[in-house]
Amino acid sequence: MRAATYARYSTDKQREASIEDQVRLCRARAEAEGWLIQAMHSDKGISGSTPVASRKGGAALLADALAGRFEILLLEGLDRLSRDSVEQERIVRRLEYRGIRIVGVSDSYDSTSSGRKLHRGMRGLINETYLDDLRVKTHRGLSGQVERGLFAGGLP
């Protein structure tokens, strides 16, 4: 079976090696299953809240999917695809409609499992809530910096 990988990290504060680490996990799964990786797509420093089609690597992934270049999409987890539950559902359904199996190596998502809709829905909510929680904690930290008389970033 022909497979493709997609890896992503969110900010320039993260390590570029994150892409390599994600791809390594996907390769190991592909080797274990006997799948041949045809294409590797990635996006560096792009939030999971950005629509997949608006990312360079995401757009290339979708183009390959629509052209029928692979049957299996390997991801570290569904959060690499999207951190927006509506966007995630839209993309997953679009790929599934094309007959593409989606496998999340770390989060154990598999679009062929009987519980896929429940698993996908829960992962989508968890992934989206993560961004909300991160936003609150970031603002809390910035406010603390200001209260201590320190620089919080941006224009003074």
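A few points on the structure. (Residues numbered from 1 in each chain as written. Predicted model: local features only at pLDDT ≥ 70, side-chain atom pairs only at ≥ 80, totals over all residues. Heavy atoms only, no water.)

## Let's talk about the nonpolar core
So, point 1. With 18 residues, the main nonpolar core has Leu61, Phe70, Leu73, Leu75, Leu81, Leu95 and Ile102 as its most contacted residues.
So, point 2. At the level of elements, strand 1 (2–8), helix 2 (56–66), strand 3 (72–75), helix 3 (78–81) and helix 4 (85–97) are the ones that each hand at least two residues to this core.
So, point 3. If we skip the residues at most four places from it in the chain, Leu75 touches Tyr6, Cys26, Leu81, Ile102, Val103, Gly104 and Val105.
So, point 4. Core analysis: the next-biggest nonpolar cluster, separate from the first, contains seven residues, Ala3, Cys26, Trp35 and Ile72 among them. (Core = buried A, V, L, I, M, F, W, Y, C linked by side-chain atoms within 4.5 Å. Buried < 20%, exposed > 50% of the residue type's maximum accessible area, 1.4 Å probe, protein only. Helix = DSSP H or I, 4+ residues; strand = E, 2+ residues; numbered from the N terminus. Contact = heavy atoms within 4.5 Å.)

## What to know about the sheet that holds strand 3
So, point 1. Spatially, four strands are ordered 2-1-3-4 in an open sheet, and the strand pairing comes out parallel. With one partner strand each, in any of the chains shown, strand 2 (36–43) and strand 4 (101–104) form the two edges of the open sheet. Strand-to-strand twist in this sheet, taken as the mean axis angle between neighbours without regard to direction, amounts to 20°.
So, point 2. Summarising the sheet, strand 3 and strand 4 pair through four bridges and their orientation is parallel. Residue pairing for strand 4: Leu75 is matched across the bridge by Gly104. (Pairing = 2+ DSSP bridges. Axes fitted to C-alpha atoms, helices over the stretch in contact; angles between N-to-C directions.)

## Focus: the side chain of Asp107
So, point 1. Mapped onto the elements, Asp107 comes out in the loop between strand 4 and helix 5 (116–147).
So, point 2. Since its relative accessible area comes to 14%, Asp107 is described here as buried.
So, point 3. A polar contact of 2.8 Å, which involves the side chain of Asp107, links it to the backbone nitrogen of Leu78.
So, point 4. Here the side chain of Asp107 touches Tyr109 through a polar contact of 3.0 Å, landing on its backbone nitrogen. (Polar contact = N/O pair within 3.5 Å; in protein donor to acceptor, adjacent residues only side chain to side chain.)

## A few points about the pattern of salt bridges
So, point 1. The full count for this structure, using the stated rule, is nine salt bridges.
So, point 2. With a shortest N-O distance of 2.7 Å, Arg69 and Asp64 are connected by a salt bridge.
So, point 3. On the accessibility criterion, Asp64 (13% relative accessible area) is buried.
So, point 4. Between Arg80 and Asp79 there is a salt bridge, with its nearest N and O atoms 3.2 Å apart. Both residues of the pair, Arg80 and Asp79, belong to the buried class.
So, point 5. Counted as one network, the salt bridges with shared partners bring together Asp79, Arg80 and Arg83. (Salt bridge = Lys/Arg side-chain N within 4 Å of Asp/Glu carboxyl O.)

## A closer look at the environment of Val105
So, point 1. Relative to the helices and strands, Val105 resides in the loop between strand 4 and helix 5.
So, point 2. With 29 residues separating them in the primary sequence, Val105 and Glu76 have C-alpha atoms 4.9 Å apart.
So, point 3. Leaving out residues up to four positions away in the same chain, Val105 has contacts with Leu25, Cys26, Arg29, Leu74, Leu75 and Glu76.

## Points about the side chain of Asp110
So, point 1. The topology assignment puts Asp110 in the loop between strand 4 and helix 5.
So, point 2. Within the structure, the side chain of Asp110 is placed 2.5 Å from the side chain of Arg101, a separation counted as a polar contact.
So, point 3. Dropping the residues within four chain positions of it, Asp110 is found in contact with Arg29, Arg101, Ile102, Val103 and Arg116.

## Digging into helix 2
Three or four residues apart is the spacing at which side chains of an α-helix point the same way, because the helix has 3.6 residues per turn.
So, point 1. All of the buried residues in helix 2 are Gly57, Gly58, Leu61, Leu62, Asp64 and Ala65. Here the buried residues of helix 2 occupy an arc of 160° about the axis, which is enough to place them on one side.
So, point 2. Buried residues along helix 2 sit against strand 1, strand 2, strand 3, helix 3 and helix 4.
So, point 3. At the C-terminal side of helix 2, Gly68 shows a positive phi close to 75°. (Arc of directions from axis to C-beta.)

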